[in-house]
Amino acid sequence: MKKLLLLVILSLPSAYLLSQYSETKHTSIHGTADSVDDEYIAAFVDELLAKVENDIQMYVEKKRAQSDEEVNNDSIISHNGDLEIAEGDTVYGDVVVKKGTLTVRGVIDGDALVVNGNIVVKDGGKISGNARAINGTITREPKGIVVGFVEETSSSSASRFGQKESPIKKRWRTFSDMTDWEDGRTNVFYFHYNRVEGLFFGVGKEKKYYWDGSKSVSGYGGAGYGIKTHRWNLQLGLDRQFANDDVIYEIGTQAHSIADSKDAWIMGLTENTITALVVQEDYRDYFWREGFSFHTARLSKETGLETMLKLEYSNDRYSALSKQTDWAIFHPSGSLFRENPAVNEGYIKSISLSASLNNVEREGRQKHGWNVVALLEKSGNELGGTFNFTQGILDVRRYQPLSRYDNINMRVRVGTLEGDYITQKIFELGGANTMPAFGFKEFSGNRMVLGNLEYVVRGNLLDDVFFFPHSLNFIAFADAGVAKVVSTKKQLYEGFDSITPSQFKSDVGFALGWHDGSGRLGFAWRTDISAPVSLFLRLSRPF
């Protein structure tokens, strides 16, 4: 409890600063191709604006006495000419500006679209959704933030592969390769902290996808040093890309020697750094992985939908890492980090097939759509290496708005392992972001099923019934899961029939979360036995 209170008081400023820093350097996963036909854009925008004008006509009449610049609505805001969101002001909803410049000094809690004009995000300004300028530019000052994707689109369709290059400043886009659970490297200096490496400092360059064919080779990687391990982390990748409209075909290779973890799906790097550094809680386990890989992939990025299919050969040597430090800013006298578990050391030579489908979009504070990821990895036998196994993982997530004020989020994750039972490939459940009422990684096995469900209500809906802060969400959640060891001789699809309903562990609870989902304070209760409530603080969404 003392650790939690200290984390609430002291880590939130750090989390805020890190989140702002992160938001300025990442591009969202929902960008579309840069080239759009002139007539299509014009027709689309005119139709959109006509609908917008009709929808807010009554609102405009009521607010006619106010300045055209003072707009605050939970719907879509339309404006002709220059518009400025003043410092300290918040607009709830999407903003559409035609033939003018949108200057943001305050907050737009939604998307921003400007047609035949520019978007300028000043220091302290924030757009919580996507920012798109058609026939215009987007400028961000150093402390100006756009959470979603940033897209500048010319009216010309000449940016297609093989044609004259479009006058667009940013011709590349990132892609949501959700099957790669490693933490990406960015274009700047970065650091993290954990019980194995201690303080870690490095520089890196993220992977880019050139959808318009402006470049055919994409290089990425990073280099950093762990103070406690006294080892360099090195990663270098090189890809050849073939762009064709909204599709990229890719072949590439990567070499690496890094401290790695299989737990990125449980806890993000920034949040784990804060909890480890401040209150001596490290929610990841680590091993050393060095080797190389070759891959070929097909990626598509159509309107509202991303898909990826990837075939990869990997040759890696795994070795164990031990805990090197117990230091944290605040911890009781004699308190220690938990030990870092050993792994099965040796070579893993494998072929993996991965696929993903993502049509998740954000509208204001809500997300809606599907995110599906599947991975199948085969190692050993004719491929060589120390271990023989086949692993399969399926992760399905659905974000479903019920209205403008509430939504349901769901996740189902299934894992299965056939063959050798090795630590770095088994499945573990319990604790942070899986089943919070239970101990961290309390359950493990070579078969896993996990289900998470949450119902989120925005504060302004609750305020209609009784006083409730608009900046907070109320979240009710339920989790259920099982991790079980079955015979290693069973096929990949076998063994699940031996799991009985009574073997599932579950919890229920509620939380108060920040309106943008960036943090929550929660209370969870086990349903199988009478046990004290589990109090937890998270600085990001659980899934």
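What you see is a predicted model, and the numbers here were worked out from it, not measured in a lab.

Colleague: Explain the nonpolar core to me, please; I cannot follow it from the model alone.
Modeller: Generally speaking, nonpolar side chains in soluble globular proteins are found buried as a group. Grouped together as the largest cluster of nonpolar side chains are 31 residues, with contacts concentrated most on Ile348, Phe389, Leu429 and Met435. For this core, the secondary structure elements donating two or more residues are strand S24 (389-401), strand S26 (427-429), strand S28 (447-458) and strand S29 (472-484). For phenylalanine 389, the residues in contact, after removing those within four places along its chain, are Ile348, Glu377, Lys378, Ser379, Leu417, Glu418, Gly419, Asp420, Ile422 and Lys425. One finds Leu83, Val104, Val114 and Val150 within the second-largest nonpolar core, a separate group that totals 19 residues.

Colleague: In this structure, what is going on with the sheet that holds strand S11 (residues 138-140)? I would like to understand it.
Modeller: Hydrogen bonds between backbone atoms are what pair the strands of a sheet, whose relative direction is either parallel or antiparallel. Read from one edge of the open sheet, four strands run S2-S5-S8-S11, paired in parallel fashion. If you trace the sheet from one side to the other, it starts and ends with strand S2 (83-85) and S11, each paired once. Each adjacent strand pair in this sheet contributes to an overall mean axis angle of 10°, direction not counted. The sheet contact formed by strand S5 (residues 102-104) and strand S8 (residues 119-121) spans three bridges and is parallel. Residue pairing across strands places valine 104 opposite valine 121, the latter belonging to S8.

Colleague: I tried to follow the pairing of strand S31 (residues 520-526) on my own but got confused; where do I start?
Modeller: As a general feature of sheets, a regular strand has side chains that alternate between the two faces. Judged from the seven bridges that link them, strand S30 (residues 505-514) and S31 form a sheet pairing that is antiparallel. For glycine 509, the partnering residue across the bridge sits in S31 and is alanine 524. Joining the antiparallel neighbours S30 and S31 is a turn of five residues, in which glycine 517 adopts a positive phi near 80°. Two elements, S31 and strand S32 (residues 534-538), share five bridges in a ladder whose sense is antiparallel. Directly across from glycine 522, in S32, lies its bridge partner phenylalanine 536.

Colleague: Could you clarify how one ought to interpret the packing of aromatic side chains in this entry?
Modeller: Two aromatic rings are characterised by how far apart their centres lie and by the angle between their planes. One pass over the structure, following the stated rule, counts 14 aromatic pairs. Aromatic pair phenylalanine 191 and phenylalanine 201: ring centres 6.3 Å apart, planes at 25°, arrangement stacked. Of the two residues, phenylalanine 191 is situated in strand S14 (residues 189-194) and phenylalanine 201 in strand S15 (residues 198-205); the sequence distance between them amounts to 10 residues. On the basis of relative accessibility, which here comes to 37%, the residue phenylalanine 201 falls in the partly exposed class. An angle of 70° between the planes, with centres 5.7 Å apart, marks the rings of phenylalanine 292 and phenylalanine 294 as edge-to-face. Among the residues examined, phenylalanine 292 registers a relative accessible area of 33% and is labelled partly exposed.

So, how was this worked out
Residues numbered from 1 in each chain as written. Predicted model: local features only at pLDDT ≥ 70, side-chain atom pairs only at ≥ 80, totals over all residues. Heavy atoms only, no water. Core = buried A, V, L, I, M, F, W, Y, C linked by side-chain atoms within 4.5 Å. Buried < 20%, exposed > 50% of the residue type's maximum accessible area, 1.4 Å probe, protein only. Helix = DSSP H or I, 4+ residues; strand = E, 2+ residues; numbered from the N terminus. Contact = heavy atoms within 4.5 Å. Pairing = 2+ DSSP bridges. Axes fitted to C-alpha atoms, helices over the stretch in contact; angles between N-to-C directions. Phe/Tyr/Trp six-rings, centres within 6.5 Å; stacked < 30°, edge-to-face > 60°.

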